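Residue-level listing of the chains:
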Amino acid sequence: MTHIIAVHLDLRDVQSARVWGWIRALGLHEQVEARPFSLDVADPWDCEAPSFGLELLMLMEQARDHGPAAVARLVDTAFARIGVDAEAAHAELAMWLQVGAAAGLPLAEYDEEMERLKAEVGYWMEEARQDHGVIRPPTLLFDDGTTAYVQLDAPVEDPEDARRVLAVVLDRLAAIDGADRGA
């Protein structure tokens, strides 16, 4: 039986927000690793100008340094503030500072670590593309190496509904590759 081990998220993406909410409803938000990924940031390490999306991904990397609870707190905060209306939030570049502060991340540490955080985001995105075939967020990664892009038409907040959606995802994956899949 395979299990979801990670999800590649873009903190400005409505679909990523919905999938994160679904993972939260499943009670897996601290077991499933949130990994940064964005279509708007092709090569993070080459980005010189301020980028709203990259700054958010770098915050996710900083949160990863502080453990799963910090990541969950940051992702929840980002989606509560911007994930459902990315266009409006994008107009305010400083929004990423507000998200980081609200999630309790040490922003002075962020300033000191910017280049390392940018490089880490680049490595995560390159690994996602090269090793796992991720082409867009939100993409689930299972412990057997299988990936699956998931698109939800509406938020899934009820735990029973979340389990039903998971069963559909796993059934569809099993139909494709014949594997015995679980959560």
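Here, the structure is the one placed above.
Residues numbered from 1 in each chain as written. Predicted model: local features only at pLDDT ≥ 70, side-chain atom pairs only at ≥ 80, totals over all residues. Heavy atoms only, no water.

> What is the right way to read helix α5 (residues 95-102) from this model?
Two residues of an α-helix separated by three or four positions point the same way, owing to the 3.6 residues in each turn. All of the buried residues in α5 are Met95, Trp96, Val99 and Gly100. Buried residues of α5, seen end-on, are gathered within an arc of 140° and therefore sit on one face of the element. Directly beyond the C-terminal end of α5, a positive phi value near 80° is found at glycine 104. (Buried < 20%, exposed > 50% of the residue type's maximum accessible area, 1.4 Å probe, protein only. Helix = DSSP H or I, 4+ residues; strand = E, 2+ residues; numbered from the N terminus. Arc of directions from axis to C-beta.)

> Quick question: what am I supposed to make of the nonpolar core here?
Note on soluble globular proteins: their nonpolar side chains tend to be buried together. Trp22, Leu74, Val75 and Leu140 are the most contacted members of the largest nonpolar core, which has 52 residues in total. Put simply, the parts of the chain that give this core at least two residues each are β1 (4-9), α1 (14-25), α2 (52-65), α3 (68-83), α5, α6 (107-132), β3 (139-142) and α7 (159-177). The biggest single contributor to this core is α2, with eight residues. In contact with leucine 74, not counting residues within four places along its chain, are Leu11, Leu59, Met60, Ala63, Val99, Gly100, Ala103 and Leu105. (Core = buried A, V, L, I, M, F, W, Y, C linked by side-chain atoms within 4.5 Å. Contact = heavy atoms within 4.5 Å.)

> Explain unusual backbone geometry here, please?
Residues other than glycine predominantly adopt negative phi, and peptide bonds predominantly adopt the trans conformation. At the junction of proline 137 and proline 138, the peptide bond is cis and its omega measures out at -5° in the coordinates. Structurally, proline 138 can be placed in the loop between α6 and β3.

> Would you mind going over the packing of aromatic side chains with me for this structure?
All chains considered together, the criterion is met by zero aromatic pairs. The cationic tip of arginine 136 hangs over the ring face of tyrosine 149; the distance from NZ or CZ to the ring centre is 3.7 Å. (Phe/Tyr/Trp six-rings, centres within 6.5 Å; stacked < 30°, edge-to-face > 60°. Lys NZ or Arg CZ within 6 Å of the ring centre and 35° of its normal.)

> Help me understand the pairing of β1 in this model?
Consecutive side chains along a regular strand alternate between the two faces of the sheet. Counting buried positions over the six residues of β1 gives five, a clear majority of the element. Across four bridges, β1 lies against β3 in antiparallel orientation. Within β3, the position partnered with isoleucine 4 by the bridge is phenylalanine 142. Once the chain exits β1 it traverses α1 before rejoining the sheet at strand β2 (residues 33-36), and the crossover so formed is right-handed. (Pairing = 2+ DSSP bridges. Right-handed = clockwise from strand over helix to strand, strands pointing away.)

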